[in-house]
Amino acid sequence: MHCLKNIKIIVFVIPLIALLSSCKSEFRGCEYVAYFGGEVVNPNNPYVLFCKDNEVIDTFQLDENNRFFTQFDSLAPGLYSFKHEPEYQYVYFDKNDSIMVRVNSRDFDESVAFCGRGDQKNNFLMEMFLKNEKDKNKMFDYFDDTFEDFSKQIDSTYLKETAFYTTRKSEIKWSEDFDVFAKASIDFNYYSKKELYPLVHKIRTGEDLIEKLPANYYDYRKKIDFNNAALSNYAPYVMYLSHMLNNMGTINYHNHFSEKDLALKTNINKMTIADTLINNEILKNNILNTIAFTYLLEDQNISNNKTFLTSYKKLSTDKSKKNEIITLGNAIQMLKVGGTLPEVPFIDTNGKPVSLSTVAKPNTVFFFWTEKAKSHLEAVHLKVIKLKSEFPQYNFVAVNINDSEEDWKKTLEKYKFNGVTELHCSDFETLKNKWAINKIHRTIILDDKEVIKNAFANIFDSQFEENLK
């Protein structure tokens, strides 16, 4: 077993033995019995959600020791996910697996560790995830390289990861069903790099390599099943398809359009290609939703958004997710210039509710931060302090999201930011739905009449100060 020493497994083993002893092999109802438990260090809330295909199928409440344990009387083998808001990770169950997980919410992905029956394959997935994340951070420098140097670098990494995968597969002897995900975690990371290279290289260097790439550059696409139902909710696969569609959907005669109209046409083009290429309904809807979320949060042209949503509605059949997209679209419509910022719930540093009307004064800037992104929280506050000296007529309001009230207050005590109104969002779902907040770099600016001047500014944009003049 690959248990961490810190996991107090005794707590879980005793009830597990008791449950297993009552289940006889001849009792068919126990053929697919599985167990799942774990510990959340520094929890953000008292729950762990257990999901399948992005749908919550069970909710586990943490006990006084921040632990949970459950028995599934019949759990179909496959890929699941566990979520402790706002983070999640995958967990794969084979028949009769008994899996424990330990995670620290303050360093979620890096802290995930599995033990128990079924732990090795899940630790392999986590190891590959962390390798890929580390690889992504280094990749941007390689996108500047010549085609030969870029290919040499990514091919070398792919060979090493494939060798590691082959060794672990032989040692662990995992099932063929699991192997679909294990192999995908390597292949689609590699394919994504190849899709991204010509686009990112052009953005960063100005060199257009599209016509210079070898004729066989995209041959790997011929091996891909674009309707793989098993992978329809697996992030490396879905992310690859998004990168591929970005590549295939690029409009080369871009000089004929304004920047915003080009974005509209490009994203509608991507959705049309996805609709043609992908027959699997679940997968197609996931891809359409990904395109829609990205586009709606990047382009705030009200007229173009309406056109985009009309195309989206024609192509998507996902009734459960469609409401989320429409909610986002409606929120953006409400945030147009000259509009009034919708009311959302806040609390102040004394824990008292705060009405938006008391903080949304003339010339107000709302910005967002979370303790989980320390470099951002420091940088954004330093930028705001600088802006306050340059634009004293503005009132700056910091909104904390995705942290517990306790962690928020501890962070403020540590940093002691002066001259900034600090608020905590006690209902992030409402904030997300009414203010379309999905990333912390967003900034909302109200003018001297307390109405929206720009609801989609980026405080780190080089031209941000122009919004305050």
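Residues numbered from 1 in each chain as written. Predicted model: local features only at pLDDT ≥ 70, side-chain atom pairs only at ≥ 80, totals over all residues. Heavy atoms only, no water.

For the rest of this paragraph, the subject is the side chain of His 424. Tracing the backbone shows His 424 in strand S13 (residues 421–425). For His 424, a relative accessible area of 5% puts it in the buried group. A polar contact of 3.4 Å, which involves the side chain of His 424, links it to the backbone oxygen of Asp 403. With near-sequence residues (within four places) excluded, His 424 lies in contact with Pro 345, Phe 346, Ile 347, Asn 400, Asp 403, Ser 404, Glu 405 and Trp 408. (Helix = DSSP H or I, 4+ residues; strand = E, 2+ residues; numbered from the N terminus. Buried < 20%, exposed > 50% of the residue type's maximum accessible area, 1.4 Å probe, protein only. Polar contact = N/O pair within 3.5 Å; in protein donor to acceptor, adjacent residues only side chain to side chain. Contact = heavy atoms within 4.5 Å.)

This part takes up the environment of Val 56. Topologically, Val 56 is positioned in strand S3 (residues 55–61). Residue contacts for Val 56: discarding those within four places in its chain leaves Leu 49, Phe 50 and Cys 51.

The bulk of non-glycine residues show a negative phi, and the bulk of peptide bonds are trans. The backbone of Asn 54 sits at a positive phi, close to 70 degrees, despite the residue not being glycine. Residue position: Asn 54 is located in the loop between strand S2 (47–52) and S3. Positive phi, normally seen in glycine, also occurs at Asn 363, with a value near 55 degrees. In this structure Asn 363 comes out as buried when scored by relative accessible area, which is 16%.

Right, let's get into the sheet that holds strand S9 (residues 346–347). Across a sheet, paired strands are connected by hydrogen bonds in the backbone, their directions being either parallel or antiparallel. If you walk across this open sheet you meet the seven strands as S10-S9-S13-S12-S11-S14-S15, and the pairing is mixed. Unpaired on one side and paired on the other, strand S10 (353–354) and strand S15 (452–458) mark the two borders of the sheet. Relative to S13, S9 is paired through two bridges, and the arrangement is antiparallel. Opposite Phe 346, over in S13, you have Cys 425 as the bridge partner. (Pairing = 2+ DSSP bridges.)

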